[in-house]
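# Examining the three-dimensional arrangement
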Amino acid sequence: MTEDAEATLKTIARPLQLTLLGLWAERLVRCFWPLWTVLIATLSALAFGLQDALPIEIAWPALILSALAALGLLLRGMRLFRRPTRAEVMVRLDQRLPGRPLAALSDTQAVGSNDPASLAVWQAHRARMAARAARATAVEPDLRLASRDPFALRYVALTAFVMAMLFGSLWRVTSVEALAPGSAANIAAGPTWEGWAQPPAYTGKPTIYLNELDQTALDLPIGTRLQFRLYGEVGALTLSETVSQRTTVPPASEAVHDFTLRQSGKVSVDGTSGRAWTFNAIPDALPVVQPAAKIEREADGKLKQEFTARDDYGIVAGQVTITLDLAAVQRNYGLTIAPEPRDPAILDLPLPVNGSRADFTQTLVDDLSKHPFANLPVTMQYQVTDAANQTGTAAPLHVVLPGKRFFDPFAAALVEMRRDLLWNRANAPQVAQILKAVTYRPEGFIRNPRALLRLRPVMRALDAQSASLTPESRDKIAEELWQIALMVDEGNLASALENLRRAQDRLDEAIKNGADKSEIDQLMRELRQAMNDYMRQLAQESEKNPDQQAQNLDGMQMSADQLQKMLDELQKLMEEGKTAEAQQLMELLRQMMENMQVVQGQGQGQGQGQGQGQQAMRGLQETLRGQQNLSDDAFRDLQNGQEGQDGQNGEGQNGENPNGEGQNGDGQDGKGLADRQRELRDRLDQLGNGQLPGDGTDKGEEGRRQLDRAGRAMDEAEDALRDGDLARALDRQAEAMEAMRDGMQNFGEAMAESGNPATEEGDGGDEYADAAPNGPRDPLGRAPGNSARIGSDKNMLQGENVYRRAQDLLDEIRRRSGEQLRPEGERDYLRRLLDLF
């Protein structure tokens, strides 16, 4: 090697040395990683005291196998290891440099050494290579072993070693010598005993290494595990204790002692370097639970009750057991007989998901409205359990179990009959009799005809099974009564006026019965929603028939703000407890709304400007109304005992009212009902053969399929009427009405999707621009506009302060859209207005 090459190597001496060290480390790790893996794993096991836990017959072979494995891996590593050389270091360093400058510096010029030009080029090349070599840096070693250790055994051993350092003790490694025969005299210096105190895991307290403590008096929870290991010659150390309450005590010289702290007392290790401790056993306190004295009922009937629970270390579970308080039940009506045995209701108590469970307050919320104990006196027993499996019980709470309240009288009667049936199946005949009495004259009392149709098979089932009613049949009938009561109370009506009347009746009944604030708020929201729906329908009808609507209203006008103020005043009176004034205002509101009749346009007034789709929809409505009337007449005949008569003889035995007229209203027998059914079927066929909304669309085709289903049901109803089977006829009529409603809904959706307006465009957009002040107006005092729009076509804002008035309107819309008490539909409409402007 030339002098300039030697000089270059001196400048990179440090990178060469570091690369050499890295190469040493790389080859040592690759050759000896199995050796140190086995050594660390063995050391970890010894630090954990595995040799003390295993029998000597297993411990010694395990140690020998570990030693042999370590020796074999050492020999393997020595065989594979090759000592790095300077040439290998230079090659590795040179491979990282561009152009291999170190190899170039060691080359000699083969030809042209006597040619000055060639020699100059050679010297320039060597100078350039020397400059590159001077910039050399150390090459880092490749210590990755993933390809050689695919199971990461080295990391397993390292993790075990870290755990041994944290939770074990290196002093335990010295106990290996004690396993050798006759080695008691040669025990290495260190502790001749070890002791640990491990409190129960649920306390969260750490394990105590007794060798490292100076104090001799300790406070420990009951249930703490005490472990002692005695090393050395057997008998040199002994252990005595008075804390475990053990009936069978092992010999005091036993090498291993493991027992649990049960009471306060002393523990001592007697002998050379022995110690003694006084342990104060801290008992685990019983958990405590305290429910609130008052149980609340939400508007939907759910029970709501707060409770507080605490424990010194935390609650792990809790439940409340609800049993019938038979002594407090008023034994009248269907409750006079003894109840059937019934298991108590058991509810799990909610526990905090995050945070401490040592002291917390939670709220139990559950819906037991359908439970047989609902609205009856019960006893509630709260109970909580801690981690030590100790149970704390609160004093029994005697309350009336909250349940859903029904404000419709018919719904309330159904729920009471359901309660009597669940009380005892022996009440079945009485329940059937009362249901017949309740439904005998339904006019003015039962507003939902579908509820009557649905109740009829329940009454038949009670009549047929009253003497042998099984628990399964009872539960099925009770569930059906519950669903019918919900239908009646919550409503399933298509008429906005009926919805409004129902909401008024429910609120009036709640005021009389002293309902709580949450129920009043819920009923007020329902009343506001029904009021908005009704006023919207009035506005739409006034658009269709402005002249007739104005005549019926007879000059009476009321703005939406005035209605809103009346409702606000009504809610204020109820919140202040002024029930008498609230009832008066409620009656006034009822009279005002009764005077606003929804006008159904007829004849020429309806036909003007209306498309064929609208006419078809009106025809379907009239057919549906006729089918409903026919079903009502058939039901009355069924109540009067005409089921089973031969409807074809034309001589029905109609029950007579005091006026001598037939109960069906027309004086017709079963054959007359069949003829009316045929007329309705023919009318439906005429409508189906004409043009219907949404022809050619999916919604329109689905509507026609529903009309076909209704027609088939009508045919079956007609056959049943002619055969005198009124029960089957009512079922088919109910199916026909349901299919017609579904079809009308599909047609309505098809009209909405096609953008077909309610009325056709009229000529002259300013038809009402100059209307007189006394011209036709809707119930809210607004002049009707063109093109089926609500309100006038005039400019709404006129005058100098137009922009200020517009800003005031926007502010008012924002305010009302933020009021949570307003119906969701109204607030959604206001938000859409804000999005537009």
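Residues numbered from 1 in each chain as written. Predicted model: local features only at pLDDT ≥ 70, side-chain atom pairs only at ≥ 80, totals over all residues. Heavy atoms only, no water.

### Regarding the sheet that holds strand E4 (residues 225–230)
Read across the open sheet, the four strands follow the order E2-E1-E4-E6; overall the sheet is antiparallel. Every other strand in the sheet has two partners, leaving strand E2 (208–209) and strand E6 (256–260) as the edge strands with one partner each. Pairing analysis gives six bridges linking strand E1 (residues 193–198) to E4, with the strands arranged antiparallel. Across the sheet, residue Gly195 finds its bridge partner in E4, namely Phe228. (Pairing = 2+ DSSP bridges. Helix = DSSP H or I, 4+ residues; strand = E, 2+ residues; numbered from the N terminus.)

### Here's the deal with the side chain of Glu241
Considering the arrangement of structural elements, one finds Glu241 in strand E5 (residues 238–241). Within the structure, the side chain of Glu241 is placed 2.8 Å from the backbone nitrogen of Val243, a separation counted as a polar contact. A polar side-chain atom of Glu241 sits 2.9 Å from a polar atom in the side chain of Arg246. Each residue touching Glu241, except ones within four places of it in the same chain, is listed here: Arg246, Phe259, Lys266 and Val267. (Polar contact = N/O pair within 3.5 Å; in protein donor to acceptor, adjacent residues only side chain to side chain. Contact = heavy atoms within 4.5 Å.)

### So, the packing of helix H9 (residues 409–423) against helix H10 (residues 428–438)
Packing of H9 against H10 brings their axes to within 9 Å, and their N-to-C directions diverge by 170°. Viewed along their axes, H9 and H10 adopt a mutual orientation that is roughly antiparallel. Judged by residue contacts, Phe410, Leu414, Met417, Asp420 and Leu421 of H9 engage Ala428, Val431, Ile434, Leu435 and Val438 from H10. Considering only residue class, the contact of H9 with H10 consists of nine nonpolar, no polar and one charged. (Axes fitted to C-alpha atoms, helices over the stretch in contact; angles between N-to-C directions. Parallel < 35°, antiparallel > 145°, perpendicular 65-115°, else oblique. Nonpolar A, V, L, I, M, F, W, Y, C, P; charged D, E, K, R; others polar.)

### Points about the nonpolar core
Phe410, Leu414, Leu435, Leu455, Leu462 and Leu620 are the most contacted members of the largest nonpolar core, which has 59 residues in total. Here this core takes ten residues from helix H22 (residues 726–754), the largest share from any one element. Not counting the four nearest positions on each side in its chain, Leu435 is found in contact with Leu414, Met417, Leu455, Met459, Leu462 and Leu481. (Core = buried A, V, L, I, M, F, W, Y, C linked by side-chain atoms within 4.5 Å. Buried < 20%, exposed > 50% of the residue type's maximum accessible area, 1.4 Å probe, protein only.)

### Some remarks on the environment of Met737
As for its placement among the helices and strands, Met737 is situated in helix H22. Residues Met737 and Leu624 lie 113 residues apart in sequence; the distance between their C-alpha atoms is 6.4 Å. If sequence neighbours within four positions are ignored, Met737 has contacts with Leu453, Leu624, Gln627, Gln628 and Ser631.

### Regarding unusual backbone geometry
Not every positive phi belongs to a glycine, and Gln245 is a case in point at roughly 60°. Mapping Gln245 onto the fold places it in the loop between E5 and E6. On the basis of relative accessible area, Gln245 is assigned to the exposed category, the value being 52%. In this model, Ser273 sits at a positive phi of 55°, which is unusual for a non-glycine residue.

### Digging into helix H21 (residues 698–722)
Under the 1.5 Å per step criterion, the end-to-end length of H21 is 37 Å for 25 residues, consistent within 8% with the ideal 36 Å. When H21 is considered as a whole, its buried residues turn out to be Gly700, Gly703, Gln706, Leu707, Ala710, Gly711, Ala713, Met714, Ala717, Glu718, Ala720 and Leu721. Residue Gly724 follows H21 closely and has a positive phi angle near 80°. (Expected span 1.5 Å × (residues − 1).)

### Considering the environment of Ser244
Along the polypeptide, Ser244 turns up in the loop between E5 and E6. Each C-alpha atom, one on Ser244 and one on Lys266, is 10.0 Å from the other, the two residues being 22 residues apart in sequence. Residues in contact with Ser244, not counting those within four places in the same chain, are Phe259, Thr260 and Arg262. Side chain to side chain, Ser244 and Glu241 meet in a polar contact 2.6 Å long. A distance of 3.0 Å separates a polar atom in the side chain of Ser244 from a polar atom in the side chain of Arg246.

### Concerning the sheet that holds strand E7 (residues 265–270)
Taken in spatial order, the four strands of this open sheet run E3-E8-E7-E5, and their pairing is mixed. Every interior strand has two partners, whereas the edge strands, strand E3 (217–221) and E5, have only one. In this sheet, adjacent strand axes meet at a mean angle of 25° when their direction is disregarded.

### Re the pattern of salt bridges
Summed over the entire model, instances satisfying the criterion amount to 35 salt bridges. Across the pair Arg154 and Asp149 runs a salt bridge, and its minimum N-O distance is 2.8 Å. The pair Arg154 / Asp149 is uniform in exposure class, with both members buried. A salt bridge links Glu480 to Arg454; the nearest nitrogen and oxygen atoms lie 2.6 Å apart. (Salt bridge = Lys/Arg side-chain N within 4 Å of Asp/Glu carboxyl O.)

### Examining the side chain of Asp408
Along the chain, the position of Asp408 falls in the loop between strand E17 (397–400) and H9. At a separation of 3.0 Å, a polar atom in the side chain of Asp408 contacts the main-chain amide nitrogen of Phe410. When residues no more than four places from it in sequence are discounted, the contact partners of Asp408 are Val488 and Asp489.

### As for a nonpolar patch on the surface
On the surface, Phe48, Tyr155, Leu158, Val162, Met163, Leu166 and Phe167 cluster together into a nonpolar patch covering about 710 Å² of accessible area. As for its position among the elements, Leu158 is in helix H8 (residues 153–167). (Patch = residues over 30% accessible without salt bridge, like charges linked within 9 Å, V, L, I, M, F, W, Y side chains within 5 Å. Areas by Shrake-Rupley, 256 points an atom, 1.4 Å probe, with all protein chains shown as cover.)

### Considerations on the confidence of the model for the chain
When pLDDT is averaged along the chain, the result is 78, and 79% of the positions lie at 70 or above. Residue range residues 182–190 is modelled with pLDDT below 50. Its contacts to residues more than four positions away, or to other chains, number nine contacts. Predicted confidence is poor over residues 547–556, with pLDDT under 50, and the contacts of this stretch with residues over four places away or in other chains come to 20 contacts. (pLDDT = per-residue confidence, 0-100.)

### Structural notes on the packing of aromatic side chains
Evaluated as defined, the whole model comprises ten aromatic pairs. Geometrically, the ring pair formed by Trp193 and Trp277 is edge-to-face, given 5.5 Å between the ring centres and 75° between the ring planes. Of this pair, Trp193 sits in strand E1 while Trp277 sits in strand E8 (residues 275–282), placing them 84 residues apart in sequence. A relative accessible area of 1% means that Trp277 is categorised as buried. (Phe/Tyr/Trp six-rings, centres within 6.5 Å; stacked < 30°, edge-to-face > 60°.)

### Digging into the pairing of E5
Where burial is concerned, the two faces of E5 differ: the one with Leu239 and Glu241 is buried and the one with Thr238 and Ser240 is not. When E5 meets E7, the two strands line up antiparallel, connected through four bridges. Within E7, the residue paired with Glu241 across the bridge is Val267.

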